[in-house]
Amino acid sequence: MSTVALAIRPWHAPVTRPGPVLFATLFTLDSIARAIIAPVIPLEALQLLGSARNVSVAVAVVGIAGVVMALLLPAIIHRWRPRASYLLAIGMLGVASLLMISQTVSGFGIGWMLRAMAAAGLLGLLNIYIAGFIEKRALAKSEPLRTFFSATAWVGGPYFGIRLYEMSPLLPFVVSIAASVILFFYFRALNLQAPSPVLSRSGFAPLRNIKRYFGQKRLTLAWVLNFGREMWWVTLFTYGPIYLVQAGKPDVEAGDLIASCTAMLFVSLFLGWLGRRVGLRRFISVAFLWVACATFAVVWFSDDPDLASWMLILSAVGAVSLDSVAVVTFLRAVRGWERPQMTMVFSIYRDAAALIPPAIFAVLLSFFPLPVVFLVNACFALFCGLLALKLPRSL
């Protein structure tokens, strides 16, 4: 019977019906809209604001906007339901790129904040869709597929984005807007509604949801570990290009560095399989220790930008390993009846990583040279590697 059903299944079913491929495709389109301008943002910010310290302050402010969005998202979903909320977040992503074209401090800053808010909304909503349509047993296979699909965006985006930027500062933002428009109409055509959130005893009050979330040890552990791996990516995308430009390298090498690091996403399916084979607890711990060692090497070789770049690429192997499986630590721990509320709190890790470390870096960069940001990152990765040993052995 299953063979017959498979035979009559439409060829387009994987990208039109709920499942791992569809959600990976949505994430890829979202990633294209963000990745094409990823290497451009820190360079444009450096040009407008004048120093790495000022860029750090701006990144922290942008992080606040993302956190606010993540906290308000449950109320938005409750009012509009997931489908309309998803469309709203996509619209915000397109408007963000439109504002950033202005090349003024105010327009760029507002657009940057809108981009962070849109990214927070899209991440949280996609997690709700995935949790609503994919069984827990399949999550360990679904997450590496999503990471693998997005690899094209996060490799090609920075590579072509920086080259478009050299041709015209407007072009990367135009492509980002186009990708947002395509995603908007594609998702609208799907007419896909996630299961409506069910109110828990804590309701949608952000502070009560946060207290409820961090009152559960496994959820707290999942949050810290995902914060740690996102912190590495924030450091790479923000300070990697600035480090190279200040070292005298051309802008195009900044895009090539990010593209080379994200190219490791192409092996995410293998890394996901390896994680399941050796056990996620051990795999996550080793991956963090790998990141720590390689990032310490970035500091050690900071006087040689070519060698330091290779150390960042080596560190990316560990970071992508974490991308392949780290979200599973949350999805396997959250209770079904409070999934919408806890998903929103969990999603804050991404914006908190864009808020807390840059705020600390803004202070440190007032006294120390730029490599200090990589030193702090390496130390926290080491801490996360040891913390991961507290994950359940059965994970």
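Parameters at a glance
- Numbering of residues starts from 1 in every chain and runs along the sequence as written.
- Where local features are concerned, this predicted model is filtered to residues with pLDDT of at least 70; where side-chain atom pairs are given and counted, the filter is 80 or more; whole-chain, interface and lining totals use all residues.
- Side-chain metrics in this entry use all non-hydrogen atoms of the structure; hydrogen atoms and water are not considered.
- In DSSP terms, a helix is any run of H or I states spanning at least four residues, a strand is any run of E spanning at least two, and both are numbered starting from the N terminus.
- The atom set for the radius of gyration is the C-alpha atoms, and the globule formula is 2.2 Å times the number of residues raised to the power 0.38.
- Categorising residues by exposure relies on relative accessible area from a 1.4 Å probe, with only protein chains included: less than 20% of the type maximum marks a residue as buried, more than 50% marks it as exposed, and the intermediate range marks it as partly exposed.
- By definition in these notes, contact holds between two residues if any of their heavy atoms fall within 4.5 Å.
- The method behind every accessible area is Shrake-Rupley, applied with a 1.4 Å probe, and residues are considered shielded solely by the protein chains displayed.
- Only the contacting stretch of a helix is used when fitting its axis, a line to C-alpha atoms as for every element, and angles between N-to-C directions run 0 to 180 degrees.
- With respect to orientation, any angle under 35 degrees is reported as roughly parallel, any angle over 145 as roughly antiparallel, any angle of 65 to 115 as roughly perpendicular, and every other angle as oblique.
- Handedness of a helix crossing follows the sense of rotation of the near helix relative to the far helix, less than a right angle counterclockwise being left-handed and clockwise being right-handed.
- Pairing of N or O atoms within 3.5 Å defines a polar contact, subject to two protein rules: one partner must be a possible hydrogen donor and the other a possible acceptor, and residues neighboring in sequence count only if both atoms are side-chain atoms.
- Take a side-chain nitrogen of Lys or Arg and a carboxyl oxygen of Asp or Glu: if they are within 4 Å of each other, that pair is a salt bridge.
- Definition of nonpolar core: a set of buried residues of the types Ala, Val, Leu, Ile, Met, Phe, Trp, Tyr and Cys, connected through side-chain atoms within 4.5 Å.
- In this description, a disulfide is simply a cysteine sulfur pair whose atoms lie within 2.5 Å.
- The pLDDT score gives, residue by residue, the confidence of the prediction method on a 0 to 100 scale.
- To estimate the expected span of a helix, count its residues, drop one, and scale the result by 1.5 Å.
- Like charges are joined within 9 Å and nonpolar side chains (Val, Leu, Ile, Met, Phe, Trp, Tyr) within 5 Å, but only among residues with over 30% relative accessible area and no salt bridge; these make up the patches.

J.: Tell me about the overall build of the chain, and please be specific about residues and values.
T.: Along the backbone of the chain there are 18 helices and 0 strands. Its C-alpha atoms give the chain a radius of gyration of 20 Å, within 12% of the compact-globule value 21 Å for 395 residues. With the C-alpha coordinates of the chain rotated into their principal frame, the extents come out at 65 × 45 × 45 Å. Residues counted as buried form 57% of the 395 residues belonging to the chain. In the chain, the proportion of contacts linking residues at least 24 apart, taken out of those at least 6 apart, comes to 84%. If you sum the accessible surface of the chain, you get close to 16,400 Å²; carbon and sulfur atoms cover 69% of it.

J.: Please give an account of the packing of helix α10 (residues 217-246) against helix α18 (residues 372-387) that cites residues and values.
T.: A pair of packed helices is characterised by two quantities: the angle between their axes and the separation of those axes. Interaxial distance between α10 and α18 falls to 10 Å at its minimum, and their mutual angle equals 160 degrees. It follows that α10 is roughly antiparallel to α18 by the angle criterion. Crossing of α10 over α18 shows left-handed handedness. Between α10 and α18, the residues in contact are L221, V224, L225, F227, G228, M231, W232, T235, Y239 and G240 and V373, F374, V376, N377, F380, F383, C384 and L387, respectively.

J.: Got a sec to walk through the side chain of T329? Specific residues and values, please.
T.: On the secondary structure map, T329 appears in helix α15 (residues 328-331). With a relative accessible area of 4%, T329 lands in the buried category. A distance of 3.4 Å separates a polar atom in the side chain of T329 from a polar atom in the side chain of N226. A polar contact of 2.5 Å, which involves the side chain of T329, links it to the backbone oxygen of A326.

J.: So what's going on with the pattern of salt bridges? Residues and values would help.
T.: Enumeration over the complete set of coordinates arrives at 4 salt bridges. Ionic pairing is found between R163 and D256, a salt bridge with its closest N-O pair at 2.9 Å. Residue R163 is located in helix α7 (residues 139-167), and its partner D256 is located in helix α11 (residues 251-262); the two are separated by 93 residues in the primary sequence. When its relative accessible area of 25% is taken as the criterion, R163 is described as partly exposed. In this structure, the salt-bridge partner of D306 is K249, at a minimum N-O distance of 3.0 Å. Of this pair, D306 sits in helix α14 (residues 305-325) while K249 sits in the loop between α10 and α11, placing them 57 residues apart in sequence. Look at D306 and you get partly exposed, because its relative accessible area is 42%.

J.: Would you mind going over the environment of I41 in detail, with residue names and values included?
T.: For I41, the position within the fold is in helix α4 (residues 40-49). Overall, the relative accessible area of 4% leaves I41 in the buried class. Along the sequence, I41 and A354 sit 313 residues apart, while their C-alpha atoms lie 14 Å from each other.

J.: Hey, could you go over the nonpolar core for me, with residue numbers and the actual values?
T.: The biggest cluster of nonpolar side chains holds 93 residues, and the ones touching the most others in it are W112, Y213, W223, L225, W232, I284 and F330. Looking at which element gives the most residues to this core, the answer is α10, with 17 residues. Ignoring anything within four residues of it in the chain, the contact list for I284 reads L225, L322, V325, A326, T329, A388 and L391. The next biggest cluster of nonpolar side chains, apart from the first, holds 33 residues, and it includes L22, Y86, A89 and L122.

J.: Lay out the state of the cysteines in plain terms, naming residues and giving numbers.
T.: Counting across every chain of the model gives 0 disulfides. Here C379 stays unpaired: no disulfide links it, and the sulfur of C384, its closest cysteine neighbor, is 11 Å away. Its relative accessible area of 40% is what places C379 among the partly exposed residues.

J.: Residue-level account of the confidence of the model for the chain, with values.
T.: Scored by pLDDT, the chain comes out at a mean of 86, with 92% of its residues at no less than 70. This model gives residues 1-7 a pLDDT under 50, and the stretch forms 0 contacts once residues within four places in sequence are excluded.

J.: Can you lay out the environment of G161 for me, pointing to particular residues and giving the numbers?
T.: By secondary structure assignment, the location of G161 is in helix α7. Judged by its relative accessible area of 0%, G161 is buried. Considering only alpha carbons, one finds G161 and F266, 105 residues apart in sequence, at a separation of 19 Å. Once you skip the residues sitting within four places of it in the chain, G161 turns out to touch I36, V40, G156 and P172.

J.: Now, about α18: what can you tell me, with residues and values included?
T.: Count 3.6 residues to each turn of an α-helix, and residues three or four apart come out pointing the same way. Helix length check: α18 (16 residues) gives 23 Å between terminal C-alpha atoms against 22 Å at 1.5 Å per residue, within 8%. Within α18, burial applies to V372, V373, F374, N377, A378, A381, C384, G385 and L387. Where α18 is buried, its residues contact α10, α13 (280-300), α14 and α17 (356-364).

J.: Kindly report on a nonpolar patch on the surface, identifying the contributing residues and their values.
T.: A cluster of nonpolar residues, L289, F296, L375, L382, L386 and L389, forms a patch on the protein surface that exposes about 470 Å² of accessible area. Elements that contribute at least two residues to the nonpolar patch include exactly α13 and α18. With 3 residues, the top contributor of residues to the nonpolar patch is α18. Here L289 shows up in helix α13. The exposure class of L289 is partly exposed, given its relative accessible area of 31%.

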